[in-house]
Amino acid sequence: MQDKRIDAKQFFIFTFCLTIGTSILVTPAGLAHTAREDAWIASLVSLFINLGMAVLYIALSRFYPGQTLFEIIESVLGKWLGKIVSLLYIFYFVVLSGTLLGNLGFFLTSEMMPETPIEAIEVLFLVVAVMSARLGIVVLARVSELLFPWVFILFLILVLALTPQIQWNHIKPVLEDGWMPVLKAGGHTAMFQELVVLMMFYPLIKSGAGKWKPYLAGTFAGNVSLFFIVLLSILVLGIEQTENSTFPAFELAKDINVGNFFQRVEGILITIWILTFFIKISLLFHSTLTGLRTVFGLKESGHLIYPIAVIFLIIAWNTYINTVYVGEIIEKVWGKASSFYLLYIPVLLLAFGFVRQKWRLVQQQ
């Protein structure tokens, strides 16, 4: 594995981009629907929940150092039960990848290129993801280092350009309906960052003290960025437009107007989203290959890249039917289903690891 090491900075970028991913476009509407004017507070709740889950994954990795999530599952649950649970995770990653691909195609064809076939856009981006899978995780890490400064600079321009249009009255009243809608919205949104994916790459970080820091730092930075997008959506667009827009952040970027000169620069947001989307779907692709290689004991998984890519396309074409259908799935199904993979199983694995460690100490005494 020595030739597949990544450094802490690269892992930080992975974490940041995985957190931002597609969330930057759709998170404001989901939060505003439940928490209304308090969506920005719900975003902070989501931040702390994600930090807690990152701590959970770090603790789990410390119990089983040098192992990916799939290897940990087999170590804890045994060979056959472990493989079944691992296959469930692979299914989750594949469905998530296909859905994200469908989301990308729908956004670009509905907002930017309405006369372009959605299939053409999805195939084009999938070709890039296939190239990433073939070249390996180290190449993806180096590419992410090249892309991240542009993501940061463009995000900074986006935030600064919107500040003149802030209207503070839009966030009033604060906590009109109490804390329950805020906590519900924050908990639901936290299930859409999929930080568990990074457990496939955590063992690849070059050894040294503080290798956990980029996990927490990337989670914090990504969620803070989402917080600013949600806050600006409320302050600039208002609660009604934020809630009723399919992609509020895109509407937010279209509202930029500095001195009647710097305007219609929504391409900034699209660039940020596409760059982070590329890294996110590439990480999911690599995670799927890692899972298949572990479950079936394969030395190489390169021959599986193209069949998996075809499955991604099939899922994209059959799941992202329309916004109403997808909205209902996201609101009623996806959050609960994701919590099974992001929270419940990792907590169970950590509990087993803790009990096993205590049992070994008792036996030694």
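Relevant structure appears above.
Keep in mind that what you see is a predicted model, and the values were worked out from it rather than measured. (Residues numbered from 1 in each chain as written. Predicted model: local features only at pLDDT ≥ 70, side-chain atom pairs only at ≥ 80, totals over all residues. Heavy atoms only, no water.)

Caption draft 1: Up close: the packing of aromatic side chains. Taken as a whole and assessed by the stated rule, the structure comprises 23 aromatic pairs. Taking 5.0 Å as the distance between ring centres and 75° as the angle between the ring planes, the aromatic pair formed by F107 and W273 counts as edge-to-face. Of this pair, F107 sits in helix α5 (residues 79-111) while W273 sits in helix α12 (residues 267-295), and the two are 166 residues apart along the sequence. Of the two residues, F107 and W273, both sit in the buried class. Ring centres of W273 and F277 lie 5.8 Å apart, and the angle between their planes is 40°; this geometry places the pair in the tilted category. One end of the pair is W273 and the other is F277, both in helix α12 and four residues apart, which spans about a single turn. Here W273 matches F277 in class, with each residue buried. Among the aromatic residues, those joined into a cluster by ring pairs are F70, Y89, Y92, F93, W334, F340 and Y341. Directly above the ring of Y202 sits K211, whose terminal nitrogen or CZ lies 5.1 Å from the centroid. (Phe/Tyr/Trp six-rings, centres within 6.5 Å; stacked < 30°, edge-to-face > 60°. Helix = DSSP H or I, 4+ residues; strand = E, 2+ residues; numbered from the N terminus. Buried < 20%, exposed > 50% of the residue type's maximum accessible area, 1.4 Å probe, protein only. Lys NZ or Arg CZ within 6 Å of the ring centre and 35° of its normal.)

Caption draft 2: Representation of the side chain of S23 within the structure. Along the chain, S23 turns up in helix α2 (residues 23-35). A distance of 3.0 Å separates a polar atom in the side chain of S23 from a polar atom in the side chain of Q193. In contact with S23, not counting residues within four places along its chain, are P28, F192, Q193 and L226. (Polar contact = N/O pair within 3.5 Å; in protein donor to acceptor, adjacent residues only side chain to side chain. Contact = heavy atoms within 4.5 Å.)

Caption draft 3: Structural context of the nonpolar core. Within the largest apolar cluster, 109 residues are counted, with the highest numbers of intra-cluster contacts made by Y89, L101, Y215, L283 and F285. No other element matches α12, which puts 16 residues into this core. Counting 16 residues, the second largest nonpolar core, distinct from the first, contains A32, I171, L231 and I234. (Core = buried A, V, L, I, M, F, W, Y, C linked by side-chain atoms within 4.5 Å.)

Caption draft 4: Quick peek at the packing of helix α7 (residues 137-162) against helix α9 (residues 213-237). In the contact formed by α7 and α9, the axes pass within 11 Å of each other and the chain directions differ by 25°. Comparing the axis directions of α7 and α9 gives the class roughly parallel. Every pair of crossing elements has a handedness; the one defined by α7 and α9 is left-handed. For the pair formed by α7 and α9, the contact residues are F155, L158, V159 and L162 on the first element and S225, F228, I229, L232 and V236 on the second. Split by residue class, the contact of α7 with α9 holds eight nonpolar, one polar and no charged. (Axes fitted to C-alpha atoms, helices over the stretch in contact; angles between N-to-C directions. Parallel < 35°, antiparallel > 145°, perpendicular 65-115°, else oblique. Left-handed = near helix turned anticlockwise from the far one by under 90°. Nonpolar A, V, L, I, M, F, W, Y, C, P; charged D, E, K, R; others polar.)

Caption draft 5: Highlighting helix α4 (residues 69-77). All of the buried residues along α4 are L69, F70, I72, I73 and V76. One side of α4 holds all its buried residues, which, seen down the axis, span an arc of 160°. Immediately downstream of α4, the backbone of G78 shows phi near 90°, a positive value. (Arc of directions from axis to C-beta.)

Caption draft 6: Looking closely at the pattern of salt bridges. Inspection of every chain in the model, using the stated rule, returns six salt bridges. For E145, the salt bridge is made with K9, and the minimal N-O distance between the two is 3.0 Å. Residue E145 is found in helix α7, and its partner K9 is found in helix α1 (residues 8-20); the two are separated by 136 residues along the sequence. Residue classification places K9 among the exposed positions, given a relative accessible area of 51%. Among the charged side chains, a salt-bridge network with shared partners connects R36, E240 and E243. (Salt bridge = Lys/Arg side-chain N within 4 Å of Asp/Glu carboxyl O.)

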